[in-house]
Amino acid sequence: MPLVPMKIVLDEAERGGYGVGAFNVNNMEQIQAIMRAASEVRSPVIIQASRGALRYTNMVYLRHLMHAAVEDNRDIKIVMHLDHGNDLDIVKQAIDLGFTSVMIDGSLEPDGKTPRSFESNVEMTRKAVEIAHPYGVTVEGELGTLGGIEEHVQASRVILTNPEEAVEFVKATGVDALAVAIGTSHGAYKFKQTPMLALDRVEKIHRLVPHVRLVMHGSSSVPQELIAEINRYGGSMPNAMGVPVEQIQDGIRRGIRKINVDTDTRLAATATIRRIFHEEPAVFDPREYLGPARDAIYRVVKARMEAFGSAGHNDDYAPTTLEEARRLYK
Ligand code: G3H
Ligand code: 13P
Ligand code: ZN
């Protein structure tokens, strides 16, 4: 099965009323762990790369790792998605590299902290759609800003997504998926106390633009047992806190279909590597710590696929190619 456009995976999730995890990757172990989980629980999967991931892997390595995932898992529906593309050049580059889905994040100015005007976000997102759809490539836009950190920079002001603006944005841009700001943020320090996400907005936006698939960024749950393991073995992550899985499930009931997770797999790998370095100080073969780290990532991803409800749904439908998606957009 080739890589599939994200639109078909999310449209199916809409029909089935479940969410699909989008997991960030930077290396082979992460990709293998995600694919092991997807293949075992029979879940479609979105593998995504940030601009940082493309830089880290010099692009070509990541591209080949993604294709290795396809070759090794021919019966699993895999979406290759660009996460937080911030200009049209990176969108074009991702399409050239074979990505089947791109995010154009027009929520912030190029400085990464000043909220971009609605008009300028619309303009850039509309152009990204114009570039991507003729190739059958899915487009995710973002409206509103995430709390906390966007690409390592503190957003100066958190702006939750306005449902009426969402309608206008979707109409003016033609996006397939929309990242909504409902109070989450990237990273391991999302809240100081149990959060109350603005899930009523999800419900309203879902009702107003039922043909667009809603995306929740900053969805790591920051499992406290992983934080405890990191802290026990020499790490220092006091007061780390994430989004409770139950709130994500509530979001899915209200219309969230794509759930972005990066921090949780980072925590799983770090906790395991710290423990092994502490317990077995003589270890120096990277396979002896990267292998168990890969197993820990697999466990987190599998748990998320089960919790989001995508497990068991890979074989519900036939794959669509980019060529078929291209014709649909026409
Ligand atoms: O969007 C945030 C993701 O966690 C990617 O993070 O830019 O460090 O790769 P990164
Ligand atoms: P987390 O930092 O919560 O994993 O969010 C990841 C994300 O939104 C990637 O785009
Ligand atoms: Zn994000």
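The preceding data block contains the structure.
Starting from 1, residues in each chain are numbered consecutively following that chain's sequence as written. Both sets of labels track the order of writing: A upward for chains, 1 upward for ligands. Only residues with pLDDT of at least 70 get local features here, since the model is predicted, and only at 80 or more are side-chain atom pairs given and counted; chain-wide, interface and lining totals rely on the full set of residues.

1. Points about the overall build of the chain
Within the chain one finds 13 helices and 11 strands. For a compact globule of 330 residues, the expected C-alpha radius of gyration is about 20 Å, and the chain comes in at 19 Å, within 12% of that figure. If one aligns the C-alpha atoms of the chain with their principal axes, the spans along those axes are about 60 × 45 × 35 Å. Evaluated residue by residue, the chain yields a buried proportion of 49% over its 330 residues. Numbering of helices and strands starts at the N terminus; helices are DSSP runs of H or I of at least 4 residues and strands are runs of E of at least 2. Here the globule rule is a power law, 2.2 Å times the number of residues to the power 0.38, and the radius of gyration is based on C-alpha atoms. For the exposure call, what matters is how many other C-beta atoms sit within 10 Å of a residue's own: 20 or more marks it buried, 12 or fewer exposed, and in between partly exposed, using C-beta atoms placed from the backbone.

2. Overview of the site of ligand 1
Nearness here is judged by the C-beta atom: place it from the backbone, and if it falls within 6 Å of a molecule or strand, the residue counts as near that partner. In the vicinity of ligand 1, nine residues are found, and the nearest of them are Ser50, Gly52, His84, His186 and Asp262. For the shell around ligand 1, the secondary-structure elements that each account for two or more residues are helix H3 (51–56) and strand S3 (78–85). Each residue gets one label: Ala, Val, Leu, Ile, Met, Phe, Trp, Tyr, Cys and Pro are nonpolar, Asp, Glu, Lys and Arg are charged, and the others, such as Gly, are polar. Tallied by class, residues from the shell around ligand 1 come to one nonpolar, five polar and three charged.

3. Observations concerning the site of ligand 2
The immediate surroundings of ligand 2 are formed by 14 residues, with His217, Ser220, Asn260, Asp262 and Thr263 found nearest. If you list the elements that add at least two residues to the shell around ligand 2, you get S3, strand S11 (256–261) and helix H11 (263–279). Classifying every residue of the shell around ligand 2 by side-chain character gives one nonpolar, 10 polar and three charged.

4. A word on the packing of helix H2 (residues 28–41) against helix H4 (residues 60–72)
Every axis in this analysis is a line fitted to C-alpha atoms, fitted for helices over the stretch in contact. Angles between the N-to-C directions lie between 0 and 180 degrees. It is at 10 Å that the axes of H2 and H4 come closest, and there the two elements cross at 25 degrees. Taken as axis vectors, H2 and H4 run roughly parallel relative to one another. Read as a crossing pair, H2 and H4 show a hand that is right-handed. Packed against H2, whose contacting residues are Met28, Ile31 and Met35, the element H4 presents Leu65, Ala69 and Asp72 at the interface. We call two directions roughly parallel when the angle between them is under 35 degrees, roughly antiparallel when it is over 145, roughly perpendicular when it lies between 65 and 115, and oblique otherwise. Left-handed describes a crossing whose near helix is turned anticlockwise from the far helix through less than a right angle; right-handed describes the clockwise counterpart. Two residues qualify as a contact pair if the distance between their C-beta atoms, derived from the backbone, is within 7 Å.

5. Observations concerning the nonpolar core
Judged by nonpolar contacts, the single largest core of 88 residues is most densely connected at Ile34, Ile47, Val102, Leu178 and Val180. Sort the elements by how many residues they give to this core and helix H12 (residues 286–308) lands first, with eight residues. Each residue touching Val180, except ones within four places of it in the same chain, is listed here: Leu143, Gly144, Thr161, Arg201, Val202, Ile205, Leu214 and Val215. Residues of type Ala, Val, Leu, Ile, Met, Phe, Trp, Tyr and Cys that are buried and joined through C-beta atoms within 7 Å form what is called a nonpolar core.

6. Here's the deal with the pairing of strand S1 (residues 20–24)
Counting buried positions over the five residues of S1 gives five, a clear majority of the element. Side-chain alternation along S1 places Val20, Ala22 and Asn24 on one buried face and Gly21 and Phe23 on a second face that is also buried. Here S1 pairs with S11 via four bridges, running parallel. Looking at the pairing, Phe23 lines up with Val261 of S11. Pairing geometry for S1 and strand S2 (residues 45–49), over three bridges, is parallel. Residue pairing for S2: Asn24 is matched across the bridge by Gln48. Consider the strands pointing away from the viewer: the crossover is right-handed when the path from the first strand over the helix to the second runs clockwise. Regarding topology, H2 serves as the crossover connection from S1 to the parallel S2, and that connection is right-handed. We call two strands paired when DSSP finds no fewer than two bridges between them.

7. A few points about the packing of helix H8 (residues 199–208) against helix H10 (residues 245–254)
At a minimum axis separation of 8 Å, H8 and H10 run at an interaxial angle of 20 degrees. By the angle between their axes, H8 is roughly parallel relative to H10. You can see that H8 and H10 cross each other, and the crossing is right-handed. Where H8 abuts H10, its residues Leu199, Val202, Glu203 and His206 lie against Asp250, Gly251 and Arg254. The residue inventory of the contact of H8 with H10, partitioned by class, reads two nonpolar, two polar and three charged.

8. What about the pairing of strand S4 (residues 101–104)?
On S4, burial covers both faces: Ser101 and Met103 on one face and Val102 and Ile104 on the other are all buried. Note: S3 against S4, three bridges, orientation parallel. Within S4, the position partnered with His81 by the bridge is Ser101. Traced from S3 through helix H5 (residues 88–97) to S4, the parallel crossover comes out right-handed. Where the polypeptide runs from S4 across helix H6 (residues 118–132) and back to strand S5 (residues 138–143), its parallel neighbour, the crossover connection is right-handed.

9. Quick word on the sheet that holds S4
Pairing is parallel in the closed barrel, where eight strands are placed in the order S1-S2-S3-S4-S5-S8-S10-S11. The mean angle between the axes of side-by-side strands here comes to 25 degrees, regardless of whether they run parallel or antiparallel. The sheet strands contacting helix H7 (residues 163–173) are S5 and strand S8 (177–180), and the helix crosses S5 at an angle near 145 degrees.

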